Every structure is written in C-alpha cells, then in structure tokens.
Amino acid sequence: MKLETAGLEPHAAPQNEDSFLKGVKDCLPTLLGYLSIGFAAGVVEKTAGLTIAEIAMMSIILYAGSAQFIASGMIAAGSSAASIVITILFVNLRHLLLSAALSPYFRHLTPLRNMLVGSLLTDETFGVAIHKSASRRNISEKWMHGLNIAAYLNWIIANLAGAFLGQWITSPERFGLDFALPAMFIGLLVMAVQSRKKYAIDIAVGLIAVLIAVGVSLLWSPSMGVITATLVAATCGMGIEKWK
Amino acid sequence: MDIFLIIAGAALVTFVPRVLPLMLLSRINLPDWGMRWLNYVPIAVMSALIAEELFIQDGELSLLASNMEWIAALPTFWVAIRTRSLLGSVIAGILSLMLLRFFF
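What you see is a predicted model, and the numbers here were worked out from it, not measured in a lab.

### Observations concerning the overall build of chain B
Inference 1: Looking only at helices and strands, chain B has four helices and two strands in total.
Inference 2: N-terminal to C-terminal, the α/β element order of chain B is α-α-β-β-α-α.
Inference 3: Considering only C-alpha atoms, chain B reaches an extent of 55 × 40 × 25 Å along its principal axes.
Inference 4: Relative to its full complement of 104 residues, chain B shows a buried share of 50%.
Inference 5: At a minimum sequence separation of 6, the contacts of chain B that also span at least 24 residues come to 29%.
Inference 6: Charge centroids of chain B, computed over 6 positive and 7 negative side chains, lie 19 Å from each other.

Dropping the structure here:
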C-alpha cells in the first residue's frame, strides 16, 4: 500500500511535508472518543455546580479530560485550591513523558514553535503522532497543528454540549456517567502498563499506590492520599528497578 | 473568583509539563534517575486515583455490595486489557455501572 502510493506520487514529499489538512484527517479516528469523554466531562462539570462560562474556560485553557473531571469532583467536595492544583499537577506529569518522547521528531523547530506544538498535546494526539513517527525522521509542524487543533475544537464542543444537556440531567449517576473518570483512568493505566512490558514492577508500584492512597485517605484526606501515594510508589518503583 | 484561580492554576501546571520537554530536550537531557522516576509517575498516580474512586466514599472505606463501582471496574479492566482503547474502557465502565444500578 505504502509502496504503491510512493510509486504513484514520486514527487510527493520525501518527509516533513504532511499538510494541516492531513493532520485533521488523521485526527478523525479519535474524535468519537473525545466526543464521548468530553460530553461526560461536561455533564459532570455542570452537575458539580460549575457555570457554563467556567466550563468553557476549563476546556479552553486547561484542556485535559482527567484534570477536568478531578477539578469538578474536588470543587464539589470542597477541597482546597492548593490540593486540587497539586493533584492535577501529578496527574498531568505524565505529559512530561509524552512530550519528551515526541521531542526527537521536532528538533527542526525553535523552542517557541515547539511550545505551540506541545501546548495542545494529549494522550490521544500523542498516540496518533507517535504512530506517525514510526515512518519518519521528522514530524511536520503543520500536520501536528492540524491534528491538535481538530482534537481541541472537538473537545470544547463536546464539553459545552455536555454542559448544556447537563442542565436537564439531574442525576448523571443513573446513567453511570460518574464512572467515566475511573474508567478512563483504568484505560490509561492498562495502556501504560501494556506499552512498557515491565509487568512485575508496574503491578508492584500500582499495589503500593493503592494501599497508600486508601490508607492516607482514611487517616488524613483523599487529596493528600493521591499525592503521597504517587511520591512514595514512584520512588519505590525507581528503587526496585535499581536493586533488581 | 476561587474557581477562576483553581482553573488558572490547574491550567498552568498542565501547560508546563506539556511544553517543557519539547522546548528543552533538544538542548539538555534529564538525569537518568529523573527519567526513571517520571516513568513510574503515571502508573502510581492512576492506581491511586482508581483506588480512591473505587474504595473511598465520603472519607470511609466502602467495600460493601452497596458500592457497585468496584464491581463495574472488573469488566472495565477486562475490556481495557483486551481492546487497549480508552473509548472502549469508558463505554464499558459507564454501561456496566448503569446496568448494575438498574438491576440492583
């Protein structure tokens, strides 16, 4: 298939020439996922008591599904601003790894242009981009913007749609929508473990995190539970790897 | 105002990890232990969040049959492992919990 296309279009872009529109097209397979998770997030945000303006601001400047679910849950529970921001920092630290993994393919850009490329990076767009990188040395900046912006607009629309409909959904629990967040975490966790193939250490780290999170939540507070569990379990993982 | 600050703070701590490696890694490299530690952060934080969602309710441990979330987590894990799809996991989770709440 690839060879055929190359034969038909001999002058078509050796590398680095994928267009903005091609990026938008390559985003299409992920759109359904964004729509449904974004919609669920919008409903949960609305029922947590956020206004439409706050929800719009969240999806525009925060633009991270897990963080938006966590923020609305913790705001509804009356957690302190500091504990909400720290929890979100930890949850989104995984972006460091995604961004680092993509960096070799954007060495041809200046730091400022790389900032624009990274500012809309998500799990899904990373997945599409890293797949693209398998056949290239550089990833086209225009293509990446097409991919990112298509995903971004779709997310904002889904969020607002969820928020508007959330006005009429009095109990999202009845539809299981409150489970979108844990289910998403389960998906992210499983995919992370499967892609690393370090099952023994990863499962150990996961179990340590579960025990600490539950213990600290019961004895202290749930938001401290996540923070403590992350710090301790990640350090344990590093230690186990070193002494093994 | 408070909510505005929370959203702005959350946006900032989300923005920095997204852009910093792309901006800097062509110039400098993280120390080895730093990368290894970061490697375990996603596993640790996801596990901790899942545990809290499933087992903690209003600051109390809830392992009872009345808490159906951990039961719904089982098919969700199964679908996640089989499909490796975020969307698949979310749909499986939502449907499982909806059906459990409908029937029990």
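There's more to say after this.
### Some words on the UniProt feature "transmembrane region" (unreviewed entry) in chain A
Residues and elements named next belong to chain A.
Inference 1: On the UniProt side, "transmembrane region" (unreviewed entry) is annotated at positions that read residues 31-53, 60-78, 84-106, 146-169, 175-193 and 200-220 here.
Inference 2: Spanning residues 60-78, this segment combines 79% helix with 0% strand, and its end C-alpha atoms are found 23 Å apart.
Inference 3: For residues 200-220, the helix share is 95%, the strand share is 0%, and the end-to-end C-alpha distance is 30 Å.

### Section: the confidence of the model for chain A
Inference 1: Across chain A, pLDDT averages 86, with 93% of residues at or above 70.
Inference 2: Predicted confidence is poor over residues 1-14 of chain A, with pLDDT under 50, and the contacts of this stretch with residues over four places away or in other chains come to one contact.

Rules behind the numbers
Residues numbered from 1 in each chain as written. Chains lettered and ligands numbered in written order. Predicted model: local features only at pLDDT ≥ 70, side-chain atom pairs only at ≥ 80, totals over all residues. Heavy atoms only, no water. Helix = DSSP H or I, 4+ residues; strand = E, 2+ residues; numbered from the N terminus. Buried < 20%, exposed > 50% of the residue type's maximum accessible area, 1.4 Å probe, protein only. Contact = heavy atoms within 4.5 Å. Lys, Arg positive; Asp, Glu negative; His and termini not counted. Charge placed at Lys NZ, Arg CZ, Asp CG, Glu CD. UniProt positions renumbered as here; feature names shortened; annotations may be inferred. pLDDT = per-residue confidence, 0-100.

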